[in-house]
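What follows is each chain in one-letter form.
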Amino acid sequence: MGEPNSLSLTRTFLAKPKLKAKARTPKETPESKYWSSFKRHEIPNLVSSISSVSFCPTNPSIFSASHSTSLTLFSTETMAPTSAITSFRDVVSCASFRCDGLLIAASDLSGLVQVFDVKSRTPLRKLRSHSRPVHFVQYPVLDKLHLLSGGDDAVVKYWDVASQTPLLDFLGHKDYVRSGACSPSSMDMFVTGSYDHTVKLWDARTNSKSVLEVNHGKPVEDVIFLPSGGLVATAGGNSVKIWDVIGGGKMVGSMESHIKTVTSLCVGKLGKDSGEESDQFRILSVALDGYMKVFDYSKMKVTHSMRFPTPLMSVGFSPDCSSRVIGTSNGILYAGKRKTKGITASNLSNPWSLGSVGEPQRRGLRPSHFRYFHRGQGEKPTEGDYLVMKPKKLKLTEHDKLLKKFRHKDALVSVLASKNPENVVAVMEELVARKKLLKCVSNLNMEELGLLLVFLQKHSTLPRYSSLLMGLARKVLELRAEDIRASGALKDHIRNLKRSVDEEIRIQQSLLEIQGIISPLLRIAGR
């Protein structure tokens, strides 16, 4: 009969508290680490608010920022300006690269739309037809001949760039047109957002009314197509909404995590080095509250959030997932760039810095070699592998060792001397399970009883421990009443315990009085 008992005692369990406080900050996820890996680089002194940020589709190392009466081109390698276009008469509102990256179109608040050569910065075309400020201009996807623009005259124009004339005027909005986007799946489909709360889908092959209309509910600040071409994301007020344009304009989801107005949207993509979540798209939104939010529209939840010190006006993400740029209202660009592994362009330009380009060939392993019998032990597990982990050796504390030897009173005294309330309560709960706590209290000497009373006086009124410790305090008074009367030090401890309990009762009564005052007001407010 002794053999099974000895086998059952070979495994040791640590005495841990049953009630444990939860961490205030959630554990960082792999996706959150990915978005945090963009090192923030501040580009100051751009004079005024940065209304637009745009990346070149064929050369992701170049991006543009429109500010004041200038359009500046930057390099993502050095985060420094490479050139600037300053031939504008008014504030630049928007810019868009052509699909081949050779031309860039820009609009200003005078109502003029201009097309420039990216390398020489020479103005090639000037498109004049808008009677009010123009706030968005964009090239259709894979279309080098036409251009879209919209402005405060509530008119959306479809331009023939070569002849500098508008082919179509799309009428339907009743207020300022502030944003627009072209479909990634069709050169003829595009969508526009207006301050009249509506988002309209247009077809350039028909010059009639809009194909589809949805109501965002608030003035629309930005609108984008998602990569599939069947979904559209709109920003207005403090909300971002997703619409299914193929399904008749049904709202798929809504995100309202911003406090102030959302000013800009863009599509970001997780890099290929983030494991199982690679090649997934996210919506990046910025707002006047200074927050950038990353929204997973497949799961309809915010996966990352980042705080900036000033209101944010624009956001852009490079096609190669290496750079993220955010424009602010006070003329500061926050450009973030990820460190990429492997050979960079700077290393390719300097062959001496690389040494040998080819990888050194390793000799084949033979059974006569020592490494042959240890092969494969350094391999990292894949996603579907089952890991057999070697159990870690438990490091027992003093009270755990004493509990293992069934020295219950010594374990209680040892943990009381450590002054760690979680461990003390854990040992008490273990002694309650073993039905030995009251026996330990009865066997304590005067000094050890003083330690217990000091602990009860400090922690018995805490909500986490009160259910156990208040009952224990009552039992201590019943079991050791004669010893307490005989010692002046123990009387002082009891007096302090009574004072702390009275103070807690007074606080609870005050809170109940406040609750009684507030609850009728809340009922009235609810009606």
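Under an unreviewed UniProt entry, the name given to the protein is Protein SLOW WALKER 1, and the organism recorded is Cucurbita maxima. For the protein, the Subcellular location (unreviewed entry) comment in UniProt is given as "Nucleus, Nucleolus".

J.: Requested: an account of empty space enclosed by the protein, with residues and values cited.
T.: In total, this model carries one cavity of 30 Å³ or more according to the counting rule given. Estimated volume of the largest cavity: approximately 60 Å³. If you trace the largest cavity, you find it lined by Val-191, Val-199, Lys-200, Leu-201, Leu-212, Glu-213, Val-214, Val-232, Thr-234, Trp-243 and Val-245. Elements that contribute at least two residues to the lining of the largest cavity include exactly β16 (198-203), β17 (212-215) and β19 (231-236). Its residues placed into classes, the lining of the largest cavity shows eight nonpolar, one polar and two charged.

J.: Before we move on, could you go through helix α9 (residues 466-479) and cite the residues and values that matter?
T.: Relative to the 20 Å expected for 14 residues at 1.5 Å per residue, α9 spans 20 Å between its end C-alpha atoms, a close match to the ideal helical length. Along α9, the positions that sit buried rather than exposed are Leu-469, Leu-472, Ala-473 and Val-476. With its buried residues spanning 105° around the axis, α9 presents them on a single face. In α9, the exposed positions angled more than 90 degrees off the buried face are occupied by Ser-467, Arg-474 and Glu-478. Contacts made by the buried residues of α9 are with α6 (421-433), α7 (437-442), α8 (446-459), α10 (481-486) and α11 (488-526).

J.: For the sheet that holds strand β11 (residues 146-151), give the residues involved together with the corresponding values.
T.: Spatially, β10-β11-β12-β13 is the arrangement adopted by the four strands of the open sheet, whose pairing is antiparallel. The strands lining the two open edges of the sheet, one partner per strand, are β10 (134-138) and β13 (165-171). Here the strands of the sheet are splayed against their neighbours by 20° on average, with no regard to which way each runs. Judged from the four bridges that link them, β10 and β11 form a sheet pairing that is antiparallel. Each residue of the ladder has a partner; that of Phe-136, found in β11, is Gly-150.

J.: How would you summarise the packing of aromatic side chains if you had to cite specific residues and measurements?
T.: Scanning the entire structure with this criterion turns up twelve aromatic pairs. Ring geometry for Tyr-34 against Trp-35: centres 5.0 Å apart, planes inclined by 75°, an arrangement best described as edge-to-face. You'll find Tyr-34 and Trp-35 in the same group, each marked buried. Ring pairing ties together the aromatic residues Tyr-34, Trp-35, Phe-38 and Phe-317, which thus form one cluster.

J.: Quick one: what's the story with the sheet that holds strand β18 (residues 220-225), residue by residue and with numbers?
T.: Taken together, four strands build an open sheet; the order of strands is β18-β19-β20-β21 and the sheet is antiparallel. Looking along the sheet, the strands with just one partner apiece sit at the ends: β18 and β21 (250-255). The sheet shows a mean angle of 20° between the axes of neighbouring strands, taken without regard to direction. Where β19 and strand β20 (residues 239-244) come together, six bridges link them in antiparallel fashion. From the neighbouring strand, Ala-235 faces β20, where its bridge partner is Val-240.

J.: Help me get a handle on the pairing of strand β14 (residues 177-182), residues and values and all.
T.: In terms of burial, β14 is a largely internal element, five of the six residues being buried. Bridge count between β14 and strand β15 (residues 189-194): five bridges; the pairing is antiparallel. Paired with Gly-180 across the two strands is Thr-192, which belongs to β15. Where β14 hands over to β15, the hairpin turn is made up of six residues, counted between the paired strands.

J.: Which residues make up unusual backbone geometry, and what values do they have?
T.: In this model, Phe-406 sits at a positive phi of 65°, which is unusual for a non-glycine residue. Mapped onto the fold, Phe-406 is located in the loop between α4 (398-404) and α5 (408-418). Although it is not a glycine, Lys-435 sits at a positive phi angle of roughly 60°. Along the polypeptide, Lys-435 turns up in the loop between α6 and α7.

J.: Tell me what's going on with the confidence of the model for the protein, and back it up with residues and numbers.
T.: Predicted coordinates in areas of low pLDDT are best not read in detail. Here the protein averages 85 in pLDDT, and 89% of its residues register 70 or above. This model gives residues 1-9 a pLDDT under 50, and the stretch forms one contact once residues within four places in sequence are excluded. Confidence over residues 342-359 falls short of pLDDT 50; this stretch has four contacts with residues more than four positions distant or in other chains.

The rules we used
Residues numbered from 1 in each chain as written. Predicted model: local features only at pLDDT ≥ 70, side-chain atom pairs only at ≥ 80, totals over all residues. Heavy atoms only, no water. UniProt positions renumbered as here; feature names shortened; annotations may be inferred. 1 Å grid on protein atoms, 1.4 Å probe; cavity = no way out; pocket = protein on both sides within 12 Å on 5 of 7 lines; lining within 4 Å. Points joined across faces, edges and corners; volume = space filled by probe spheres on them. Helix = DSSP H or I, 4+ residues; strand = E, 2+ residues; numbered from the N terminus. Nonpolar A, V, L, I, M, F, W, Y, C, P; charged D, E, K, R; others polar. Expected span 1.5 Å × (residues − 1). Buried < 20%, exposed > 50% of the residue type's maximum accessible area, 1.4 Å probe, protein only. Arc of directions from axis to C-beta. Contact = heavy atoms within 4.5 Å. Pairing = 2+ DSSP bridges. Axes fitted to C-alpha atoms, helices over the stretch in contact; angles between N-to-C directions. Phe/Tyr/Trp six-rings, centres within 6.5 Å; stacked < 30°, edge-to-face > 60°. pLDDT = per-residue confidence, 0-100.

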